[in-house]
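Commentary on secondary and tertiary structure
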Number of protein chains: 6
Amino acid sequence: MSNIRHLKPAGKAIFKDRYTKKVKELLTGWENEKKGKFGLVGLPLSKPSISHSGASFAPEAIRDAMQSYSTYSGELGVDLLDPILDFGDLEMNPTEIVENQRRLYEGMTDIFATEAVENWFMLGGDHSISYSSIKAFSEHYGKVGVIQFDAHHDLRNTEDGGPTNGTPFRRLLEDHSISGENLAQIGIRDFTNAKAYHDYAKEQGVSVYSMADIRYITMTNILARELRKLEERVDVIYISLDMDVLDQAFAPGCPAIGPGGMDSNTLLEAIFQVAKHPKVMAIDIVEIDPTIDIRNMTSRVAAYAIIQFMKGKNVK
Amino acid sequence: MSNIRHLKPAGKAIFKDRYTKKVKELLTGWENEKKGKFGLVGLPLSKPSISHSGASFAPEAIRDAMQSYSTYSGELGVDLLDPILDFGDLEMNPTEIVENQRRLYEGMTDIFATEAVENWFMLGGDHSISYSSIKAFSEHYGKVGVIQFDAHHDLRNTEDGGPTNGTPFRRLLEDHSISGENLAQIGIRDFTNAKAYHDYAKEQGVSVYSMADIRYITMTNILARELRKLEERVDVIYISLDMDVLDQAFAPGCPAIGPGGMDSNTLLEAIFQVAKHPKVMAIDIVEIDPTIDIRNMTSRVAAYAIIQFMKGKNVK
Amino acid sequence: MSNIRHLKPAGKAIFKDRYTKKVKELLTGWENEKKGKFGLVGLPLSKPSISHSGASFAPEAIRDAMQSYSTYSGELGVDLLDPILDFGDLEMNPTEIVENQRRLYEGMTDIFATEAVENWFMLGGDHSISYSSIKAFSEHYGKVGVIQFDAHHDLRNTEDGGPTNGTPFRRLLEDHSISGENLAQIGIRDFTNAKAYHDYAKEQGVSVYSMADIRYITMTNILARELRKLEERVDVIYISLDMDVLDQAFAPGCPAIGPGGMDSNTLLEAIFQVAKHPKVMAIDIVEIDPTIDIRNMTSRVAAYAIIQFMKGKNVK
Amino acid sequence: MSNIRHLKPAGKAIFKDRYTKKVKELLTGWENEKKGKFGLVGLPLSKPSISHSGASFAPEAIRDAMQSYSTYSGELGVDLLDPILDFGDLEMNPTEIVENQRRLYEGMTDIFATEAVENWFMLGGDHSISYSSIKAFSEHYGKVGVIQFDAHHDLRNTEDGGPTNGTPFRRLLEDHSISGENLAQIGIRDFTNAKAYHDYAKEQGVSVYSMADIRYITMTNILARELRKLEERVDVIYISLDMDVLDQAFAPGCPAIGPGGMDSNTLLEAIFQVAKHPKVMAIDIVEIDPTIDIRNMTSRVAAYAIIQFMKGKNVK
Amino acid sequence: MSNIRHLKPAGKAIFKDRYTKKVKELLTGWENEKKGKFGLVGLPLSKPSISHSGASFAPEAIRDAMQSYSTYSGELGVDLLDPILDFGDLEMNPTEIVENQRRLYEGMTDIFATEAVENWFMLGGDHSISYSSIKAFSEHYGKVGVIQFDAHHDLRNTEDGGPTNGTPFRRLLEDHSISGENLAQIGIRDFTNAKAYHDYAKEQGVSVYSMADIRYITMTNILARELRKLEERVDVIYISLDMDVLDQAFAPGCPAIGPGGMDSNTLLEAIFQVAKHPKVMAIDIVEIDPTIDIRNMTSRVAAYAIIQFMKGKNVK
Amino acid sequence: MSNIRHLKPAGKAIFKDRYTKKVKELLTGWENEKKGKFGLVGLPLSKPSISHSGASFAPEAIRDAMQSYSTYSGELGVDLLDPILDFGDLEMNPTEIVENQRRLYEGMTDIFATEAVENWFMLGGDHSISYSSIKAFSEHYGKVGVIQFDAHHDLRNTEDGGPTNGTPFRRLLEDHSISGENLAQIGIRDFTNAKAYHDYAKEQGVSVYSMADIRYITMTNILARELRKLEERVDVIYISLDMDVLDQAFAPGCPAIGPGGMDSNTLLEAIFQVAKHPKVMAIDIVEIDPTIDIRNMTSRVAAYAIIQFMKGKNVK
Ligand SMILES: [Ca+2]
Ligand SMILES: [Ca+2]
Ligand SMILES: [Ca+2]
Ligand SMILES: [Ca+2]
Ligand SMILES: [Ca+2]
Ligand SMILES: [Ca+2]
Ligand SMILES: [Ca+2]
Ligand SMILES: [Ca+2]
Ligand SMILES: [Ca+2]
Ligand SMILES: [Ca+2]
Ligand SMILES: [Ca+2]
Ligand SMILES: [Ca+2]
């Protein structure tokens, strides 16, 4: 930096061990023409949320949580050393919510158009961002299959207000950005959705797996079945991870928490399993509000989910 | 409300989706002669508690938590649309603790006498309220079996002070309101009870299941065994749910939290299983202190437990 | 309620002393044709806020804080027994921010048209609500003078996004709903506003009083001077109270807190002094976010400010 | 402790500087026949409180806060080295509230009977403890004058429930333990008391000073006037300090906080001023709930108040 | 204490039931020549920690948490009535970190030399204390096997700073205080350790069990295997329990929390299983920072772990 | 950034108004040869602290708090547009406390040697950093006068451990880096310092002003007197601002908080007054622990203090 003794750039005091590389150190600012295996972008929009939400702070919190992890998996015996190209965040207007959703769509359209990376990480924001992201994704990459981990269907009507974080998959279906047969909803919880939307999911041919299904069929079997089905039907697969699929004990920082959900280990193993599939090339993570989280626990799970995705892509 | 545009009653801004009914909307103020399937009453007494407790705030917190749930079970395929007749709360004196326990007994005596509903939900308060409630219940409905989910026996002597939240079942046994053979205590935790009370339970013929029993016998088998036994011995069955039966990770808002307890899913499935039995017609939920809870997690479990009870009663 | 002993309506256990009337008990639901001295309405909009804000929860929090006060002033020797007609809240759409500002304008237009009361209390929400409220107020009541207590000018341009909580007075001036000479801004803080907006205020003839002015001129003299000036120029006077005019030690629950502000006693005395003036007939209170407040301190100040207004109107 | 290197008794790691004596180190367990200048006893009762209160934890919190202070006053130039004889706490029954008030009376009767010290510090508990303490005090020491710092009169009727923390001075007056002319209430706040009790105070001849009186007359003058009056009428003077006399910014840990109160400096100077009077020989400190306090701020003020009392007694 | 009615020593109000003995009551101050079955000492050092840590407060928090447990195990049918000899804490210098590590070594050397007890409980502190403790232990008791429950290897190099809480086992290996073949690391988590240290562990012959190993091999089998191996190789076995081996949902109070860890029940059963082995005679518990814990949950697990150890030693 | 629509660098969503410049935007990374009016450096060391302290996080928190302020002073009529050259932070070793103090001395020596700026801002860290900083400062700039705002003397002996945050001025005096006559301590609080250190201050000729002095003499007069004295005796003046000089209500985020301190307005005016003096050219700000602060209130005061210093340097 200079010949001033002991000077370092301003910032959190971080102990540096020469043999340890933190996942956050893999983040590398993207610039035109840069190519890589993994790319990341923040979609900091949460004003569409039905409940009060500070999910717009999550991209920063999740990037910070990457500092808690090192790059090495002893279980797999691989060191994840590929950089993650960080595109930055999409800029939001303070009062134009629907316009912001259009901005997200435009930004993601341009980003996917770069074809800069093989695998995309989108950090929400509330779940409304998945509409913009998946729509742009499908326009660029072709027929999309979606594996949605969520306690909720997110198939609400839009006449009562919106588009909100309750409507993304309804709009994607109505738009024909995706088709119901290519959508799997895993972790749907009892007494958390209206009958009308459960019925709508069924009519559209959506694969719905409740928490009871996970207990009885097992996550491994559910995923194997859905991946088998999707790989024949679609060009690419996109994971949409709503953190409230987890039980409140494991994800205290979601606006809509509750008991009876998944534990974090089951989720993390699931991400690994799915990411191994060659058609899987994108994941968004939504509904984390760092302002109500406990010790950033929920952002820590999110960062780990991204790493599990990367681990999946490192299995030979 | 008037012809003033956009006006609505004061209160929390709640997004209203026309297809979604919240469980809280099932609450309907009880009035004389009204009859129904479910009834609810608050017993906001926590000054008897041995440890500092704001459990008197729980009835309000649990009712509010019902707003987090919709009425539909996709797993069972039923929409729970029966109203819950809400009797309100019993009024407590600020300094007369024992008199308050008498008040609870008198109030519950009158409430059960209405025979307004088929199934009763009593929201505590600390566990001392179960003495008053079960005593009144047994006087009205006949021989009572009790399934108590609890880390503790609650069989303390009363010479050292009380009656407290440590004594309700001792008093019910001494009163002959219930008999030991008709009491099942499930979730009793090691190093959480004195030998004297464990021995007393055994002498009285109480069925005691520890956390190890749940791991080795399974909850399903324990409940099947106890229901089979009780259905032959009693007229009606009453569930007494002390939230501290849960592990501290799942119920952070109880005064007496600790590790090594039940997870919330096991508990919620247990309530469903028990409620299916036709002799089961009452549940009380106690020992939630909303002033120390984390994001109302524990009240959310309580509200879900009530819904699981209702779901049990909707199985054909 | 019935002949059930000890039964009372559900809700917080509130000790009732027969000689004590709480200010919250003065709240009386408004119905068509009802007339009175004081009226209150909630404007629960905070999505326009530049910073993350849960100010939409403030109307409920402020009403609840009224429960902490009794109706009697020993200092003045009067018991405030006039009811406060509560109109309820205006209903907000989850995603249409600008439309919501129009809704607030329409709702307030209809409410003022009732001429139901002599004095109006508007509970925000963020400061953007004052645009809608003052515009409707001026259309109904004539030429309006505004006394704004605020650390900020709120005269931002709207080209950079908005209308936000940074723009209400800019829009009112551009609209000619008010004129600069009829606006007094009191409590403006150094290093909290841009030069451009300070200059704009000066150009428009706004009376600007900094915290230093309050220390050197005194609040009493500032208010006396401004009331004298306004009483000759306008038909009615409206107080707009942005809680962040207070020092962070006294109002920890505002999104934009900081040191160097007013203490709560100075503010409360100021409200009393202004409210005594016969042309003063409205107050809005904004920028309280109960989700970040400490023990509802800021809502407690807000409730007290309303009572001080009522006290001012009870001076003979 | 032994010849084990570096061993010390278990407990908080406390840095020990050989020249610094902490006020907590002055605490010395009282034993029969021990005499001294200052004595202290805990009255950990808060179940009589109208609002939910953990004030029973305050004696421990205040003793701990004494660790934050050293014994030396640079302003006065004296080092307070007299021990404080610590009598311990009075033991409370978990369910017998009125019996506990009797216990406090009996315990304090016995303690005052020891005549072990010249000045007494009583640590509540809620304000109900003052009834027991002052009654015992007056029976031992003769005609008592009381200087009560409080936002409230605490003159409620007892028919609506109680005796609570709202009734101690009513009961002392009705008992003739004190007479109204010998009671000064300082810091009484507007809209915090009912007219009936304000009128009762006046009828009984109580000296009532509002917050406005403190601003206009000044605390120094009020105290000078009241001490002059009392010194002719009574044998001994007792200070009853309800921490909620402070503004919520200075005492966030009281159950009944609000704005418009005293700042801590005014209070601490007042204690010093009063304690200098030779007839003043007791102080109780009440209404601190450590479970809701912020960083023990309110207990820190309490500990400082005791030290200011000791400082007053060290003025030659 | 005296003939003063109701007087008790100062301290937390603790309800005393004559039949219940709390584990904290087993703590008995050690004095020269006292012998017993269990001994406990606090090692309150956390300044070596890489991340900001208040683990120096843990010895006090864990002792306090013992108050939450009674001595009786219904599952085993034994009442743990052996006293725990409490040696107190070792005294730390505020600025000499490396000197403090030496002090811990000296203190533990002297303590083990007393041979006062059969089983030792060491309460950290951060994990750096294990270096001092195990070194002293091995010098006194002979060849030591260590079962380390930890998410991390703690085998960092010391050239980059330290010795820290990341280096204790590296130093013990380099010192030959232990040998790699006699160290089992259980609960090692993916993406939480650098490849270099994983490789170092392997080179040294350390037995490493990841979280995946626990899921697939089971804890019971892992422990059986390791105990079998160690019992032939070593004289004594020492458990080093780093609380961050638990998932963040079960141990929110560790500096380095994360998802994907062990649940508390698995850990508590493991401690019981290990403690039954006759060669196991010591346990240290580290990395609990009470200043960031939630309701002392993590200290509660720690206290329970000690009790499980005692229970293991009570199996005949 | 690219031709991707709406993309911006990752980070907190910050609303950008084209006419508003935030003080944080004035921060400009220093590079060799760059010169300016103001310079800033972080000294993130808090392990020397006697009490548990996370003050090492303060440099980052204070820089962030600069984002809350704009550059314009309406009171003075100046826009502060000079850049602040940010040197970054000095790097600390995790376990070598005394070595770290040497590092700070070396780093500051090199930084002052650049003569890059006219005025220096040093962000601690605990108060121990002032020893290193003032020593280096005096070696470069000549005879130094120090105005220390502090509740404490910080003149402890170093035999009992240290050098800690209790010893910096003792060491500077013993070193002859400063002389007692050139040190003014303002805000010293009763019962917060030992007699021995008060006496030592007096012997050394230190000017000591207690909180009572501030009330009676006024801050303005104290500062005028001390500046007059220092300007004749020294070459340069350095302000050392220990935030605990403020009352706990105004600075809740210091390790050693208490009542009876300064309010923030008095402090901020004092900084302005002192900074106007041409010999004043440095300020350090210490003892803020962001991990225990409330909504960063204390860091907000710190950032404001820096701005007040800059304002003082902009008075013509
Ligand atoms: Ca969703
Ligand atoms: Ca969801
Ligand atoms: Ca119980
Ligand atoms: Ca229990
Ligand atoms: Ca404003
Ligand atoms: Ca403002
Ligand atoms: Ca009182
Ligand atoms: Ca009071
Ligand atoms: Ca470790
Ligand atoms: Ca670890
Ligand atoms: Ca200092
Ligand atoms: Ca200090």
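The structure displayed is predicted, hence computed values, not measured ones. Here the residue index of a chain counts from 1 through its sequence in written order. Working convention: letters from A go to chains and numbers from 1 go to ligands, in the order in which they are written. This being a predicted model, a pLDDT of at least 70 is required before a residue's local features are given, and a value of 80 or more before pairs of side-chain atoms are given or counted; all residues contribute to the totals for chains, interfaces and linings. Heavy atoms from the whole structure form the basis of all side-chain values; hydrogens and water molecules are not counted.

So, on to the UniProt feature "binding site: Mn(2+)" (unreviewed entry) in chain A. All names here are of chain A. UniProt positions are given in the numbering used here, feature names are shortened, and annotations may be inferred rather than shown by experiment. In the UniProt entry, the feature "binding site: Mn(2+)" (unreviewed entry) is given for His127, Asp150, His152, Asp154, Asp242 and Asp244. Across 118 residues, the annotated set stays spatially compact, with a maximum C-alpha separation of 12.2 Å. Think of it in three bands: with a 1.4 Å probe and only protein chains considered, a residue is buried below 20% of the maximum accessible area for its type, exposed above 50%, and partly exposed in between. Look at His127 and you get buried, because its relative accessible area is 0%. Pairing of N or O atoms within 3.5 Å defines a polar contact, subject to two protein rules: one partner must be a possible hydrogen donor and the other a possible acceptor, and residues neighboring in sequence count only if both atoms are side-chain atoms. Within the local environment of His127, its side chain forms a polar contact with the side chain of Asp154, the two groups lying 2.9 Å apart. Numbering of helices and strands starts at the N terminus; helices are DSSP runs of H or I of at least 4 residues and strands are runs of E of at least 2. Turning to its location among the elements, Asp150 is positioned in the loop between strand S8 (144-149) and helix H4 (168-175).

This paragraph deals with the relation of the copies chain E and chain A. Superposition of the copies was done by least squares, using only C-alpha atoms of residues whose pLDDT is at least 70 in both. Superposing chain E onto chain A requires a rotation of 120° together with a translation of 0.0 Å along the rotation axis, leaving an RMSD of 0.0 Å. Taken together, the rotation and translation relating the two chain copies correspond to the operation of a three-fold axis. For chain E, the residue whose C-alpha comes nearest the rotation axis is Ala249(E), separated from it by 3.4 Å.

Attention shifts here to the interface of chain E and chain A. Residue contacts follow a heavy-atom distance rule, with two residues in contact if any of their heavy atoms lie within 4.5 Å. Opposite the 35 residues of chain E that make contact, chain A presents 31 residues. Buried area is a sum: the accessible area each of two parts loses on coming together, probed at 1.4 Å, counted once for each and added. Both sides of the chain E and chain A interface together cover about 2,800 Å² of buried area, and 54% of this is carbon and sulfur. For salt bridges, the criterion is a side-chain nitrogen of Lys or Arg within 4 Å of an Asp or Glu carboxyl oxygen. Where chain E meets chain A, there are five salt bridges. When the shortest N-O distance is used, the salt bridge between Arg215(E) and Glu269(A) registers 3.5 Å. At the boundary of chain E with chain A, the tally comes to 23 residue pairs in polar contact (both at pLDDT 80 or more). If you list the elements that add at least two residues to the side of chain E that touches chain A, you get helix H5 (195-204) and helix H6 (211-217) of chain E. With five residues, H5(E) is the single largest residue contributor to the side of chain E that touches chain A. Of the residues assigned to the side of chain E that touches chain A, the class counts are 16 nonpolar, 10 polar and nine charged. Amino acids are sorted into nonpolar (Ala, Val, Leu, Ile, Met, Phe, Trp, Tyr, Cys and Pro), charged (Asp, Glu, Lys and Arg) and polar (every other residue, Gly among them).

What follows covers the relation of the copies chain E and chain D. Note on the identical chains: chain E maps onto chain D by a rotation of 180° and an axial translation of 0.0 Å, with an RMSD of 0.0 Å. The relationship between the two copies is best expressed as a two-fold rotation axis. Taking C-alpha positions as reference, the residue of chain E nearest the rotation axis is Gly11(E), located at 6.9 Å. Residue by residue, 100% of the interface of chain E is reproduced at the interface of chain D, so both copies engage with the same surface.

Residue and element names in this part refer to chain A. Lines fitted to C-alpha atoms define the axes here, with helix axes fitted over just the stretch in contact, and angles between the N-to-C directions of these axes take values from 0 to 180 degrees. At a closest axis distance of 8 Å, the pairing of helix H3 (residues 129-141) and H4 adopts a crossing angle of 35°. In terms of crossing hand, the pair formed by H3 and H4 is right-handed. Residues Ser130, Tyr131, Ile134 and Lys135 of H3 form the contact with H4, whose participating residues are Pro168, Phe169, Arg171, Leu172 and Asp175. The residue makeup of the contact of H3 with H4, split by class, is five nonpolar, one polar and three charged. By the definition used in this description, the sense in which the near helix is turned from the far one sets the handedness, with an anticlockwise turn below a right angle giving left-handed and a clockwise turn giving right-handed.

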